[in-house]
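# Coordinate inspection notes
Okay, here's what each chain looks like letter by letter:
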Amino acid sequence: KEESSAAKLSKKRDKTVEKVEGIRQKLSNVAFSSDDFNALENEKIDLENNVSTLQEKVDTLSAQLEGRLSFNYSDPVRGFDRSKVKGLVARLVDVKLPKHSTALEVVAGGKLYQVVVDEAATGKALLNNGKLQRRVTIIPLDKVMPKKVSSAACDKASSMAKDLNTTAQPAIELVGFDEEVRSAIEYVFGSTLVVDGMKAANSICDTTKTRTVTLDGDVYEPSGLISGGSNNNLGSTLTRITQLTAASKELKEKKARLKTVVKKLESMSSQSRQYEKFSAELELAQSELSAVEKHISQTSYGMMKDKFDSMTKEVDDATAEVELMNKTKDEKCALHHELKEKEAQLTQDRENRLKDTESRVKEAKELVAEKETAAREAENESQELDLEMKSSQDDVNVACDAVEVAQKALDAAKEEETDTEMKVGELKAVWEEAKAVLDELEKKLKLCSNEISSMSKEKSKLIKKAESAEIEGKKMSIKITKFHTEKGKAEKFLKSMLSKHSWIETEKDAFGVAGGDYDFEETNPQEMSTHLQALKAEQASLAKKINKKVMGMIEKAEGEYTELLRKRKVVENDKKKIEQVIENLDMKKKVELERTWKKVNKDFGSIFSTLLPGSNAKLEPPEGFEVWEGLEVKVCFGSVWKESLSELSGGQRSLIALSLILALLLYKPAPMYILDEVDAALDLSHTQNIGNMLKTHFSQSQFIVVSLKEGMFNNANVIFRTKFVDGVSTVSRTIGSGASRSRGALTNGDNASSKKRRGKAGQQGKENAAEIC
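Looking at the chain as a whole, the pLDDT averages 79, with 89% of positions reaching at least 70. A low-confidence stretch, residues 742-773 (pLDDT under 50), is modelled with 81 contacts involving residues beyond four sequence positions or located in other chains.

Let us now look at the sheet that holds strand β10 (residues 226-227). Pairing in this open sheet of five strands is mixed, and the strands run β5-β7-β8-β9-β10 from one edge to the other. Looking along the sheet, the strands with just one partner apiece sit at the ends: β5 (168-170) and β10. As paired elements, strand β8 (residues 211-214) and strand β9 (residues 219-220) share two bridges and run antiparallel to each other. For Thr212, the partnering residue across the bridge sits in β9 and is Tyr220. Strand contacts of helix α8 (residues 198-208): β5, β7 (192-195), β8 and β9, with the helix running at about 175 degrees to β8, the strand carrying the most contacts.

Backbone-to-backbone hydrogen bonds pair the strands of a sheet. The strands run either parallel or antiparallel. With mixed pairing, three strands are arranged side by side in an open sheet as β1-β3-β4. Every other strand in the sheet has two partners, leaving β1 (85-88) and β4 (138-140) as the edge strands with one partner each. When strand polarity is set aside, the average angle formed by the axes of neighbouring strands in this sheet is 20 degrees. The pairing of strand β3 (residues 115-117) with β4 spans three bridges and is classified as parallel. If you follow Val115 over to β4, its bridge partner there is Ile138. Along the sheet face, helix α5 (residues 120-129) touches β1, β3 and β4 and points at about 155 degrees away from the line of β4.

We now examine the nonpolar core. By size, the foremost hydrophobic cluster in this structure holds 43 residues, and its most contacted members are Ile185 and Phe189. At the level of secondary structure, the elements contributing two or more residues to this core comprise β1, α3 (89-92), α4 (101-108), β3, β4, α7 (182-189) and α9 (236-298). Among all residues touching Phe189, those that are not within four sequence positions of it are Val89, Val93, Leu104, Val107, Ala108, Leu112, Ala171 and Ile172. In terms of nonpolar packing, the next biggest core, distinct from the first, is built from 31 residues, Phe608, Leu612, Leu675 and Phe698 among them.

One pass over the full model with this rule turns up four aromatic pairs. Relative to Phe703, the ring of Tyr673 has its centre 4.9 Å away and its plane inclined at 20 degrees; by these criteria the two rings are stacked. Remark: Phe703 occurs in strand β15 (residues 702-707) and Tyr673 occurs in strand β14 (residues 672-676); sequence separation between them is 30 residues. The residues Tyr673 and Phe703 share a single accessibility class, namely buried. With a centroid separation of 5.3 Å and 80 degrees between ring planes, the pair formed by Phe698 and Phe703 is classed as edge-to-face. Given a relative accessible area of 2%, Phe703 falls into the buried group. In this structure an aromatic cluster arises from ring pairing among Tyr673, Phe698 and Phe703. The lysine or arginine in question, Arg82, covers the ring of Tyr73, its NZ or CZ lying 4.3 Å from the ring centre. Positioned over the ring face of Trp641 is Lys618, at 4.5 Å from the centre of the ring.

Scanning the model with the defined rule gives 15 salt bridges in all. A salt bridge links Glu338 to Lys342; the shortest N-O distance between them is 3.5 Å. Linking Glu338 with Lys342, this pair stays in helix α10 (residues 300-500), spanning four residues, or about one helical turn. A salt bridge links Arg568 to Glu572; the shortest N-O distance between them is 3.8 Å. Of this pair, Arg568 and Glu572 both sit in helix α13 (residues 549-611), four residues apart, roughly one helical turn. Relative accessible area serves as the criterion here: at 52%, Arg568 is assigned to the exposed category. Looking at Glu572, the relative accessible area reads 35%, which means it is partly exposed. Through salt bridges with shared partners, a single network forms among Lys148, Glu179, Arg182 and Glu186.

Rules of the game
- Residues numbered from 1 in each chain as written.
- Predicted model: local features only at pLDDT ≥ 70, side-chain atom pairs only at ≥ 80, totals over all residues.
- Heavy atoms only, no water.
- pLDDT = per-residue confidence, 0-100.
- Contact = heavy atoms within 4.5 Å.
- Pairing = 2+ DSSP bridges.
- Helix = DSSP H or I, 4+ residues; strand = E, 2+ residues; numbered from the N terminus.
- Axes fitted to C-alpha atoms, helices over the stretch in contact; angles between N-to-C directions.
- Core = buried A, V, L, I, M, F, W, Y, C linked by side-chain atoms within 4.5 Å.
- Buried < 20%, exposed > 50% of the residue type's maximum accessible area, 1.4 Å probe, protein only.
- Phe/Tyr/Trp six-rings, centres within 6.5 Å; stacked < 30°, edge-to-face > 60°.
- Lys NZ or Arg CZ within 6 Å of the ring centre and 35° of its normal.
- Salt bridge = Lys/Arg side-chain N within 4 Å of Asp/Glu carboxyl O.

This is the structure in structure tokens:
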């Protein structure tokens, strides 16, 4: 009967193995890599997070710059080409290094927010019909006059900066821009040098007569003016524009990559589902195979067969080892004889070589003695030659010094002779020249005497003219005094104008520039003054009707609106992140539940088949539901699956409950368990199966089991028995039979220790035993 049951189980195992191999073949045929798919999934999550962060950064920077850099206009004519309007100067340049942002913003000043257009006609059209919402200054590329620092000034500044261990560069070289708007950028940045350091900036400005700006925003003008102070709010605009450009570029790249990854995931989704399907089938088939193999190993026939196979393997291994050792022995013996022969030969060769060596050593000693004698003689001769050579060298040195002295004296004499000849020639030329001059002076003396007489006559005339000129000079001095008075008044008026109007200091470089905003030759100051008075009168009349606080309220409302938009964006982004986290947690929860279900289901079936051989049990979701939505217990006896647990007996339901509890405990094993009469309602065979199951499935845990049945004691390592003896409760300890079958069991025989305790009951009762596995 055991052999037929084992044959059936072997046949079932072979079928299961064939099923597992078939599923593995199908799985290998699926062109899908779970590692690549998971890597793409992780990359998609990272890219989505990066895109969200970059989008938030771009929105924040855009909101911060919107108030300063907003330039909205309507098409002045139908079909207007908007490419003619290049935009604000601030949006047309890129700062190459962030440390130059403050200096470049000071260099540009108010021109940073001026609008660049292709020609003057476009600018006029915008001003007339563009419905501009604020006042702007327009730079037409066809009319603007570029300003450049001369190459000589640049070279001089660079040389001075190098001497002062610093740097000096034209401002236009520190920004990037399109060649199309070069003339406008040169107009804004071309006339200024950016210098690292106040001392160097001051020196370069004084030397090259060029406007210089330090990295901290201090300005040195050729006229002597110096501007500086706090720079907390400087450089922020250009820095944020640079950050916005970089963030927008990176956002575009991340979105493109995210799109590519999503396409790849969509193309792999069908293969992923097929791979997961085959993987699930393979895991079920493997669990079924392991259950069959466990069932086979738990039968007595299977255990004997395993023991027979292991012993056969040990015999084969021992036989192979004996053959190998015999072969090794023969090889070692042959090697031993060979080494013996070589040892004798080497001994004879060593004696012969020693004799030869001794004879050669004797000859060498004699030769060394001869060589030592010759060496001593050669050393003596060498010392004599060294002394002679040193004396000869001293004589040569003395002779060389004498030759050098004589040569120097000869050279000095030659130079003196040459100088004397040159002086004689020069004196002769001077004498001839002086003689010629003397002759000419005598001729001129005669002419001068004639001229003196004529000049005396003219002197009287010039005296009269001098008197009249003195009168004119007094008149001019009066005019000069009046001019200085007017100049002082003008300077006081200029200082008051500079204190009242700060824009004059920024825009004064453009004063008097032909074609600019302050071309005084084309503008009539008298007409402008009259127009200004009229505008002031109109402003005074309108001020009584207009609430001036409205503009402040509008700016405040716009700021609050911008802040609310930013907060809403932050809330939306947070909402997306929370939803994404919830989705990820749900996914992880489902994966963990499915993994737990597979492990518990596998152990549940294995434990139940051990407790009740020939049967099986499993946990599976109801039809139309998933694992995380609920599970049902299914029981099989033979090949028939029961429809309901109500068809089972009380003992079978107890085994089902015990199997499920132990399978759940096996998912996360504990070091110790206590079971109190779990076999009370079970037959003796089931009690013995419980003991076998604990030994098989919980080999790493310790159990304290309270039981009244002998079937449970067979697998115990230690047994404590309690009973009444003459009205006293007695506890005895014995080594169980399970200890002899394990390697780590106690080897001491039966040890008994009794602990007596006075009890109230006097009759002897039934035994109660606690086993420790």
